[in-house]
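A structural walkthrough
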Amino acid sequence: MNTASTNSGSLYKAIAFVNLGVLLFAIMLVMIKFAAQHFDAFQISAVRNAVGALLVSFLLARQLRFNVRVDDLSMRQWPLGIQRGLSLAIAQLAFFYAITKIEIATAQTIGYASPLFVTMFSVVLLGDRVGVWRWSAVVIGFIGVFLVLRPFTQEFHWVLTLPLAGALGYGWNLATVRAFDKSVKTLLINSYSSWTAVVVSLFFVVIFSNADWSVPLYAWWFLLGVGICGGLGVYMISAGYREVQPSKVAPFDYFGLLYAILFGWLIFQEAPIDRLFPGVFLIAGAGFLILWRERVSGQKP
């Protein structure tokens, strides 16, 4: 058997999965823009979480060969699973609301601050040792975020901080996955988080949403599209990361920015070039630097 050929096949497969996943996420952002003409961010987030939770539950049941017992659904660190779901619901709501108010590419660019928060949380929560290279990447990345936000100019609006809040929440979720016992299935962790996010987002709908659910039928297709694209996007990216070492495919996450710029320009005539540059290069560069350093560190004996 040709091992090199097999590894190459797995890498190409992983790249295809991740690329399809980020494409689906970009389509989801477009769907959010259209759905926001009839629904508010609370409703969109609730439906997205519900569809995602159903998908995760199906995948978990399939992994257990549809023979699910109570013991299969219990884990020692369940409070952390619920806490992750709470932060996920808040992060998602912040990001979705931002999408309804600002350009897709702008929100996506600021959202790529997640790896910076993951690095910071890995030190605080997990006691990881982060050297000068990764701390430099964090500083560079936040300088990039600052340049995109432009907080002390007339171009600044508070909505621009929401994708950063979303990145903070997503970063927390990514970092805390490693805090669970190794024996706990990833899908079980995600199930706790997903269903907690459903409950929290429905609570937000009941308390804060004033929007009407009586909308034209085609609007529901946009809303359903948000849930389907988001749920399948998560599944595709997770499948890609399981094929090979994550650092080999993580750079392809940044294709999502290219898709966001393209879709925003073609569909909504959005062209926030002046705002994004040069900050976008610093944010993306910081992410690549973190990935490179983690890969180098992982190769050391």
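1. Observations regarding helix 7 (residues 162-176)
Compared with the 21 Å implied by 1.5 Å per residue over 15 residues, the 21 Å span of helix 7 between its first and last C-alpha is a close match. Those residues of helix 7 that sit buried are Leu162, Pro163, Leu164, Gly166, Ala167, Gly169, Gly171, Asn173, Ala175 and Thr176.

2. Here we look at a nonpolar patch on the surface
Taken together, the side chains of Trp213, Leu217, Tyr218, Trp220, Trp221, Leu224, Ile228 and Leu232 define a hydrophobic patch exposed on the protein surface, amounting to about 830 Å² of accessible area. With respect to the helices and strands, the residue Tyr218 is situated in helix 9 (residues 217-243). Classification of Tyr218 as partly exposed rests on a relative accessible area of 47%.

3. A look at unusual backbone geometry
Among all residues except glycine, the phi angle is most often negative; among peptide bonds, the trans geometry is most common. In the segment running from Phe277 into Pro278, the intervening peptide bond is cis, with an omega of 5°. Residue placement: Pro278 occurs in the loop between helix 12 (273-276) and helix 13 (279-299). If you check the backbone angles, Arg150 has positive phi at about 50° while not being a glycine. Turning to its location among the elements, Arg150 is positioned in the loop between helix 6 (132-149) and helix 7. Of note, the phi angle at Gln269 is positive, near 55°, even though the residue is not glycine. Take Gln269: it is sitting in the loop between helix 11 (255-268) and helix 12. Gln269 sits in the exposed class, given a relative accessible area of 61%.

4. Points about the environment of Met75
By secondary structure assignment, the location of Met75 is in the loop between helix 2 (41-63) and helix 3 (78-101). What makes Met75 buried here is its relative accessible area of 8%. Between the C-alpha atoms of Met75 and Phe17, which are 58 residues apart in sequence, the distance is 29 Å. When neighbours within four sequence positions are excluded, Met75 is seen to be in contact with Gly81, Phe180, Val184, Leu188, Ile189 and Tyr192.

5. Some words on the packing of helix 2 against helix 8 (residues 186-208)
Running from N to C, helix 2 and helix 8 point in directions that differ by 155°, and their axes come no closer than 8 Å. Our classification of the angle between helix 2 and helix 8 gives roughly antiparallel. Between helix 2 and helix 8 the crossing geometry is left-handed. Residues of the contact of helix 2 with helix 8, tallied by class, amount to 17 nonpolar, 9 polar and no charged.

6. Some remarks on the packing of aromatic side chains
Per the counting criterion, the structure on display carries 21 aromatic pairs. Judged by centre distance (6.2 Å) and plane angle (20°), the ring pair of Tyr97 and Trp158 falls under stacked. Placement of Tyr97 in helix 3 and of Trp158 in the loop between helix 6 and helix 7 is noted, with a sequence separation of 61 residues between them. What makes Tyr97 partly exposed here is its relative accessible area of 29%.

7. Here's the deal with the pattern of salt bridges
Tallying each qualifying case throughout the model produces 5 salt bridges. A salt bridge links Asp72 to Arg69; its shortest N-O distance comes to 3.4 Å. Assessed through its relative accessible area of 19%, Asp72 is described here as buried. One connected set of salt bridges, linked through shared partners, spans Arg150, Glu155 and Arg275.

8. Focus: the environment of Ile99
Here Ile99 is to be found in helix 3. The sequence separation of Ile99 and Arg293 amounts to 194 residues, and the corresponding C-alpha distance is 32 Å. What Ile99 contacts, discounting residues up to four positions off in sequence, is Leu29, Ile32, Lys33, Ile104 and Ala107.

9. Observations regarding the confidence of the model for the protein chain
In this model, the protein chain carries an average pLDDT of 87, and 94% of its residues clear a pLDDT of 70 or more. When the criterion is pLDDT under 50, residues 1-6 qualifies, and its contacts beyond four places in sequence or with other chains add up to 1 contact.

10. A word on the layout of surface pockets
Empty space within the second largest pocket amounts to approximately 160 Å³. Lining the second largest pocket, in full, are Tyr254, Leu257, Leu258, Ile261, Leu276, Phe277, Val280, Phe281, Ala284 and Phe288. Of all the secondary structure elements, the ones that give two or more residues to the lining of the second largest pocket are helix 11 and helix 13. Broken down by element, the residue count for the lining of the second largest pocket peaks at 4 residues, all from helix 13. Of the residues that constitute the lining of the second largest pocket, the class distribution is 10 nonpolar, no polar and no charged.

11. A word on the side chain of Gln77
In this structure, Gln77 sits in the loop between helix 2 and helix 3. Within the structure, Gln77 has its side chain in polar contact with the backbone nitrogen of Asp181 (distance 2.9 Å). In contact with Gln77, other than residues within four places in its own chain, are Ala179, Phe180 and Asp181.

About the criteria used
Residues numbered from 1 in each chain as written. Predicted model: local features only at pLDDT ≥ 70, side-chain atom pairs only at ≥ 80, totals over all residues. Heavy atoms only, no water. Helix = DSSP H or I, 4+ residues; strand = E, 2+ residues; numbered from the N terminus. Expected span 1.5 Å × (residues − 1). Buried < 20%, exposed > 50% of the residue type's maximum accessible area, 1.4 Å probe, protein only. Patch = residues over 30% accessible without salt bridge, like charges linked within 9 Å, V, L, I, M, F, W, Y side chains within 5 Å. Areas by Shrake-Rupley, 256 points an atom, 1.4 Å probe, with all protein chains shown as cover. Salt bridge = Lys/Arg side-chain N within 4 Å of Asp/Glu carboxyl O. Contact = heavy atoms within 4.5 Å. Axes fitted to C-alpha atoms, helices over the stretch in contact; angles between N-to-C directions. Parallel < 35°, antiparallel > 145°, perpendicular 65-115°, else oblique. Left-handed = near helix turned anticlockwise from the far one by under 90°. Nonpolar A, V, L, I, M, F, W, Y, C, P; charged D, E, K, R; others polar. Phe/Tyr/Trp six-rings, centres within 6.5 Å; stacked < 30°, edge-to-face > 60°. pLDDT = per-residue confidence, 0-100. 1 Å grid on protein atoms, 1.4 Å probe; cavity = no way out; pocket = protein on both sides within 12 Å on 5 of 7 lines; lining within 4 Å. Points joined across faces, edges and corners; volume = space filled by probe spheres on them. Polar contact = N/O pair within 3.5 Å; in protein donor to acceptor, adjacent residues only side chain to side chain.

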